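Listed below are the residues making up each chain.
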Amino acid sequence: MKTGFYLKAVFYYFERDLVKWLRGRVTVVSSLVMPAAWLVFVGLALPTKFTDNYLEFITPGILVMTILFSSLQGGSLMIFDKILGFLNKFLAMPSPRESMLYGKILFISIRGLLQATVILLIATVLGVRISNPVNLVLIYLTLFLFSVFFSALSTMIGLHLSDHDSYAAVNSMISMPLFFTSSALMPYDVMPTWLRTLAKLNPVSYAIDSTRMLFEGGIPIHGLIGLTIGAGIMVLLGTYQFRKAVV
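No experiment lies behind these values; they were computed from the predicted model shown.

Draft legend 1. Spatial organisation of the overall build of the protein chain. Helices and strands together make up the secondary structure of the protein chain, namely eleven helices and zero strands. If you list the helices and strands of the protein chain from N to C, you get α-α-α-α-α-α-α-α-α-α-α. A compact globule built from 247 residues should have a C-alpha radius of gyration of about 18 Å, and the protein chain, at 19 Å, falls within 12% of that. On the principal axes, the C-alpha backbone points of the protein chain span a range of 60 × 35 × 35 Å. Within the protein chain, buried positions represent 46% of all 247 residues. Residue pairs at least 24 apart in sequence account for 79% of intrachain contacts in the protein chain once pairs closer than 6 positions are excluded. Carbon and sulfur atoms provide 71% of the accessible area of the protein chain, an area that totals close to 12500 Å².

As C-alpha coordinates, then:
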(Lines give C-alpha, C1' and ligand atoms only; values in the text may rest on other atoms or scores of the structure.)
Protein backbone atom coordinates (compact mmCIF):
# COMPACT_ATOMS: atom_id res chain seq x y z
CA MET A 1 0.00 0.00 0.00
CA LYS A 2 2.79 2.38 0.89
CA THR A 3 4.65 1.57 -2.34
CA GLY A 4 1.49 2.22 -4.37
CA PHE A 5 1.01 5.59 -2.65
CA TYR A 6 4.65 6.45 -3.34
CA LEU A 7 4.41 5.56 -7.04
CA LYS A 8 1.11 7.43 -7.36
CA ALA A 9 2.77 10.56 -5.99
CA VAL A 10 5.66 10.25 -8.46
CA PHE A 11 3.24 9.78 -11.34
CA TYR A 12 1.19 12.79 -10.22
CA TYR A 13 4.21 15.11 -10.41
CA PHE A 14 5.23 13.58 -13.75
CA GLU A 15 1.73 13.99 -15.18
CA ARG A 16 1.44 17.54 -13.91
CA ASP A 17 4.61 18.70 -15.68
CA LEU A 18 3.75 16.71 -18.82
CA VAL A 19 0.30 18.29 -19.14
CA LYS A 20 1.73 21.76 -18.57
CA TRP A 21 4.36 21.17 -21.27
CA LEU A 22 1.86 19.80 -23.81
CA ARG A 23 -0.38 22.83 -23.36
CA GLY A 24 2.42 25.08 -24.61
CA ARG A 25 2.28 24.11 -28.28
CA VAL A 26 4.97 26.57 -29.35
CA THR A 27 7.31 25.18 -26.69
CA VAL A 28 6.62 21.61 -27.75
CA VAL A 29 7.23 22.31 -31.44
CA SER A 30 10.36 24.38 -30.85
CA SER A 31 11.84 21.78 -28.49
CA LEU A 32 11.42 19.13 -31.20
CA VAL A 33 12.47 21.25 -34.19
CA MET A 34 15.64 22.89 -32.84
CA PRO A 35 17.63 19.67 -32.24
CA ALA A 36 16.62 18.47 -35.71
CA ALA A 37 17.88 21.77 -37.16
CA TRP A 38 21.21 21.25 -35.40
CA LEU A 39 21.52 17.81 -36.95
CA VAL A 40 20.71 18.96 -40.48
CA PHE A 41 22.61 22.24 -40.63
CA VAL A 42 25.68 21.15 -38.67
CA GLY A 43 25.84 17.53 -39.79
CA LEU A 44 25.35 18.26 -43.49
CA ALA A 45 26.81 21.74 -43.87
CA LEU A 46 29.97 21.73 -41.75
CA PRO A 47 33.00 20.76 -43.87
CA THR A 48 35.44 18.34 -42.20
CA LYS A 49 38.58 16.47 -43.21
CA PHE A 50 38.74 13.79 -40.51
CA THR A 51 35.76 11.70 -41.64
CA ASP A 52 33.97 10.77 -44.86
CA ASN A 53 30.54 10.95 -43.23
CA TYR A 54 30.35 13.71 -40.67
CA LEU A 55 26.62 13.16 -40.18
CA GLU A 56 27.25 9.69 -38.76
CA PHE A 57 29.99 11.08 -36.53
CA ILE A 58 28.02 14.01 -35.15
CA THR A 59 24.63 12.31 -34.65
CA PRO A 60 25.60 10.83 -31.23
CA GLY A 61 26.92 14.23 -30.20
CA ILE A 62 23.69 15.98 -31.21
CA LEU A 63 21.66 13.36 -29.32
CA VAL A 64 23.64 13.86 -26.12
CA MET A 65 23.68 17.64 -26.58
CA THR A 66 19.88 17.61 -26.86
CA ILE A 67 19.54 15.57 -23.68
CA LEU A 68 22.02 17.85 -21.89
CA PHE A 69 20.22 21.08 -22.79
CA SER A 70 16.78 19.57 -22.13
CA SER A 71 17.87 18.23 -18.74
CA LEU A 72 19.45 21.48 -17.62
CA GLN A 73 16.32 23.41 -18.60
CA GLY A 74 14.44 21.21 -16.16
CA GLY A 75 15.53 23.33 -13.23
CA SER A 76 13.26 26.09 -14.47
CA LEU A 77 10.29 23.88 -13.54
CA MET A 78 11.36 24.13 -9.91
CA ILE A 79 11.81 27.90 -10.21
CA PHE A 80 8.24 28.23 -11.50
CA ASP A 81 6.90 26.17 -8.58
CA LYS A 82 8.77 28.37 -6.12
CA ILE A 83 7.68 31.67 -7.65
CA LEU A 84 4.02 30.63 -7.95
CA GLY A 85 3.94 29.25 -4.41
CA PHE A 86 3.35 25.62 -5.32
CA LEU A 87 6.58 24.32 -3.80
CA ASN A 88 5.61 25.22 -0.23
CA LYS A 89 2.32 23.40 -0.68
CA PHE A 90 4.01 20.33 -2.19
CA LEU A 91 6.54 20.12 0.63
CA ALA A 92 3.71 20.20 3.17
CA MET A 93 1.82 17.33 1.54
CA PRO A 94 1.86 13.84 3.12
CA SER A 95 3.55 12.29 0.08
CA PRO A 96 7.34 11.82 0.37
CA ARG A 97 9.17 14.96 -0.65
CA GLU A 98 11.53 13.10 -2.94
CA SER A 99 8.58 11.91 -5.05
CA MET A 100 8.50 15.45 -6.46
CA LEU A 101 12.15 15.07 -7.51
CA TYR A 102 11.54 11.66 -9.09
CA GLY A 103 8.47 12.90 -10.95
CA LYS A 104 10.37 15.83 -12.41
CA ILE A 105 13.34 13.64 -13.36
CA LEU A 106 10.99 11.23 -15.11
CA PHE A 107 9.24 14.02 -17.03
CA ILE A 108 12.48 15.75 -18.03
CA SER A 109 13.98 12.46 -19.18
CA ILE A 110 10.89 11.43 -21.19
CA ARG A 111 10.81 14.87 -22.81
CA GLY A 112 14.46 14.55 -23.77
CA LEU A 113 13.93 11.06 -25.20
CA LEU A 114 11.07 12.38 -27.35
CA GLN A 115 13.44 14.97 -28.78
CA ALA A 116 16.07 12.27 -29.30
CA THR A 117 13.52 10.16 -31.19
CA VAL A 118 12.92 12.99 -33.66
CA ILE A 119 16.66 13.27 -34.23
CA LEU A 120 17.01 9.51 -34.72
CA LEU A 121 14.18 9.46 -37.25
CA ILE A 122 15.69 12.32 -39.26
CA ALA A 123 19.16 10.77 -39.06
CA THR A 124 17.72 7.50 -40.38
CA VAL A 125 16.11 9.32 -43.32
CA LEU A 126 19.48 10.96 -44.05
CA GLY A 127 21.23 7.60 -44.12
CA VAL A 128 22.52 7.00 -40.59
CA ARG A 129 22.08 3.37 -39.59
CA ILE A 130 22.09 1.48 -36.28
CA SER A 131 23.44 -2.07 -36.44
CA ASN A 132 20.69 -3.90 -34.52
CA PRO A 133 17.64 -3.34 -32.27
CA VAL A 134 19.61 -4.17 -29.10
CA ASN A 135 21.97 -1.27 -29.76
CA LEU A 136 18.98 1.02 -30.33
CA VAL A 137 17.54 0.05 -26.93
CA LEU A 138 20.93 0.63 -25.31
CA ILE A 139 21.18 4.06 -26.97
CA TYR A 140 17.90 5.02 -25.30
CA LEU A 141 19.15 3.58 -22.00
CA THR A 142 22.39 5.57 -22.26
CA LEU A 143 20.51 8.79 -22.99
CA PHE A 144 18.07 8.10 -20.16
CA LEU A 145 20.85 7.57 -17.60
CA PHE A 146 22.62 10.70 -18.81
CA SER A 147 19.36 12.63 -18.51
CA VAL A 148 18.72 11.36 -14.99
CA PHE A 149 22.17 12.62 -13.96
CA PHE A 150 21.67 16.18 -15.24
CA SER A 151 17.93 16.31 -14.46
CA ALA A 152 18.66 15.61 -10.82
CA LEU A 153 21.45 18.20 -10.86
CA SER A 154 19.31 20.90 -12.49
CA THR A 155 16.39 20.25 -10.14
CA MET A 156 18.68 20.57 -7.11
CA ILE A 157 20.06 23.83 -8.47
CA GLY A 158 16.52 25.12 -9.09
CA LEU A 159 15.61 24.22 -5.51
CA HIS A 160 18.25 26.62 -4.19
CA LEU A 161 17.81 29.53 -6.62
CA SER A 162 14.95 32.01 -6.49
CA ASP A 163 14.66 33.57 -9.96
CA HIS A 164 14.93 32.67 -13.63
CA ASP A 165 17.76 35.09 -14.39
CA SER A 166 20.05 33.43 -11.86
CA TYR A 167 19.14 30.00 -13.13
CA ALA A 168 19.66 30.99 -16.78
CA ALA A 169 23.14 32.26 -15.90
CA VAL A 170 24.03 29.05 -14.09
CA ASN A 171 22.54 26.98 -16.92
CA SER A 172 24.70 28.71 -19.54
CA MET A 173 27.76 28.51 -17.34
CA ILE A 174 27.34 24.72 -17.10
CA SER A 175 25.98 23.69 -20.50
CA MET A 176 28.07 25.61 -23.02
CA PRO A 177 31.54 24.77 -21.62
CA LEU A 178 30.50 21.12 -21.20
CA PHE A 179 29.34 20.86 -24.80
CA PHE A 180 32.19 22.69 -26.51
CA THR A 181 34.88 20.88 -24.50
CA SER A 182 33.40 17.47 -25.33
CA SER A 183 33.97 15.02 -28.18
CA ALA A 184 30.70 16.03 -29.85
CA LEU A 185 32.13 18.00 -32.78
CA MET A 186 35.51 16.39 -33.39
CA PRO A 187 37.47 13.24 -32.44
CA TYR A 188 40.18 13.32 -29.81
CA ASP A 189 43.08 12.88 -32.23
CA VAL A 190 42.44 16.19 -34.03
CA MET A 191 41.97 18.23 -30.84
CA PRO A 192 44.66 20.48 -29.38
CA THR A 193 46.35 18.83 -26.39
CA TRP A 194 44.68 21.08 -23.80
CA LEU A 195 41.22 20.45 -25.31
CA ARG A 196 41.81 16.70 -25.54
CA THR A 197 42.62 16.62 -21.82
CA LEU A 198 39.44 18.52 -20.93
CA ALA A 199 37.31 16.41 -23.27
CA LYS A 200 38.45 13.13 -21.74
CA LEU A 201 37.52 14.42 -18.27
CA ASN A 202 34.15 15.71 -19.46
CA PRO A 203 31.08 13.61 -18.44
CA VAL A 204 29.38 14.70 -21.67
CA SER A 205 32.17 13.04 -23.66
CA TYR A 206 31.60 9.91 -21.62
CA ALA A 207 27.99 9.73 -22.80
CA ILE A 208 28.87 10.70 -26.38
CA ASP A 209 31.61 8.06 -26.66
CA SER A 210 29.23 5.39 -25.31
CA THR A 211 26.49 6.42 -27.74
CA ARG A 212 28.94 6.55 -30.65
CA MET A 213 30.16 3.03 -29.85
CA LEU A 214 26.57 1.81 -29.91
CA PHE A 215 26.04 3.35 -33.34
CA GLU A 216 29.15 1.50 -34.52
CA GLY A 217 27.81 -1.82 -33.23
CA GLY A 218 29.79 -2.11 -29.98
CA ILE A 219 28.55 -2.44 -26.40
CA PRO A 220 30.03 0.19 -24.02
CA ILE A 221 29.84 -1.86 -20.82
CA HIS A 222 32.09 0.47 -18.84
CA GLY A 223 30.19 3.48 -20.15
CA LEU A 224 26.82 2.08 -19.09
CA ILE A 225 28.15 1.12 -15.67
CA GLY A 226 29.70 4.56 -15.18
CA LEU A 227 26.53 6.38 -16.23
CA THR A 228 24.43 4.17 -13.94
CA ILE A 229 26.69 4.91 -10.97
CA GLY A 230 26.75 8.64 -11.75
CA ALA A 231 22.97 8.84 -12.13
CA GLY A 232 22.47 6.87 -8.90
CA ILE A 233 24.79 9.14 -6.92
CA MET A 234 23.08 12.28 -8.26
CA VAL A 235 19.62 10.93 -7.43
CA LEU A 236 20.76 10.07 -3.89
CA LEU A 237 22.12 13.60 -3.44
CA GLY A 238 18.87 15.04 -4.77
CA THR A 239 16.83 12.83 -2.43
CA TYR A 240 18.85 14.10 0.53
CA GLN A 241 18.43 17.73 -0.58
CA PHE A 242 14.67 17.42 -0.98
CA ARG A 243 14.18 15.71 2.38
CA LYS A 244 16.04 18.60 4.05
CA ALA A 245 14.51 21.37 1.92
CA VAL A 246 13.19 24.48 3.65
CA VAL A 247 11.55 27.18 1.51
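Past the structure itself, the notes keep going.
Draft legend 2. Highlighting the packing of aromatic side chains. Under the defined criterion, the tally for this structure stands at nine aromatic pairs. Ring plane angle 70 degrees and centroid distance 5.3 Å describe the contact between Y12 and Y13, whose orientation is recorded as edge-to-face. Assessed through its relative accessible area of 38%, Y12 is described here as partly exposed. Members of the aromatic cluster, each reached through a chain of ring pairs, are Y12, Y13, F86 and F90. Seen from the ring of Y188, K200 lies directly overhead, with NZ or CZ sitting 5.6 Å from the centre. Here the basic side chain of R212 rests over the ring of F57, its NZ or CZ set 3.8 Å away from the ring centre.

Draft legend 3. Broad picture of the UniProt feature "transmembrane region" (unreviewed entry) in the protein chain. If you check UniProt for "transmembrane region" (unreviewed entry), the listed places come out as residues 26-46, 58-80, 101-126, 138-161, 168-188 and 219-240 in our numbering. The span residues 101-126 shows a helical share of 96% and a strand share of 0%, and its end C-alpha atoms are spaced 37 Å apart. Along residues 168-188, the helical share is 62% and the strand share 0%, with 30 Å between the first and last C-alpha atoms.

Draft legend 4. Looking closely at the environment of M234. Position of M234 relative to the elements: it lies in helix α11 (residues 221-243). What makes M234 buried here is its relative accessible area of 11%. In this structure, M234 is in contact with F149, A152, L153 and M156, ignoring residues within four places of it in sequence.

Draft legend 5. Quick look at helix α8 (residues 164-180). With 17 residues, α8 extends 24 Å from end C-alpha to end C-alpha; this agrees with the ideal 24 Å at 1.5 Å per step. Those residues of α8 lying buried are Y167, N171, S175, L178 and F179. Mapping the buried residues of α8 onto a view down its axis gives an arc of 90 degrees, with all of them on the same face. Set apart from the buried face of α8 by more than 90 degrees, the exposed residues are D165 and M173. For α8, the N-terminal cap is D163; the gap from its side-chain oxygen to the backbone nitrogen of D165 is 3.1 Å.

Draft legend 6. Structural detail: the nonpolar core. Residues L63, V64, L68, L143, F146 and V204 are the most contacted members of the largest nonpolar core, which totals 35 residues. The element best represented in this core is helix α3 (residues 54-73), accounting for eleven residues. Leaving out residues up to four positions away in the same chain, L143 has contacts with L63, V64, I67, L113, A116 and T211. Core analysis: the second largest hydrophobic core is formed by 17 residues, L87, F90, L91 and M156 among them.

Rules used throughout
Residues numbered from 1 in each chain as written. Predicted model: local features only at pLDDT ≥ 70, side-chain atom pairs only at ≥ 80, totals over all residues. Heavy atoms only, no water. Helix = DSSP H or I, 4+ residues; strand = E, 2+ residues; numbered from the N terminus. Rg over C-alpha atoms; globule rule 2.2 N^0.38 Å. Buried < 20%, exposed > 50% of the residue type's maximum accessible area, 1.4 Å probe, protein only. Contact = heavy atoms within 4.5 Å. Areas by Shrake-Rupley, 256 points an atom, 1.4 Å probe, with all protein chains shown as cover. Phe/Tyr/Trp six-rings, centres within 6.5 Å; stacked < 30°, edge-to-face > 60°. Lys NZ or Arg CZ within 6 Å of the ring centre and 35° of its normal. UniProt positions renumbered as here; feature names shortened; annotations may be inferred. Expected span 1.5 Å × (residues − 1). Arc of directions from axis to C-beta. Polar contact = N/O pair within 3.5 Å; in protein donor to acceptor, adjacent residues only side chain to side chain. Core = buried A, V, L, I, M, F, W, Y, C linked by side-chain atoms within 4.5 Å.

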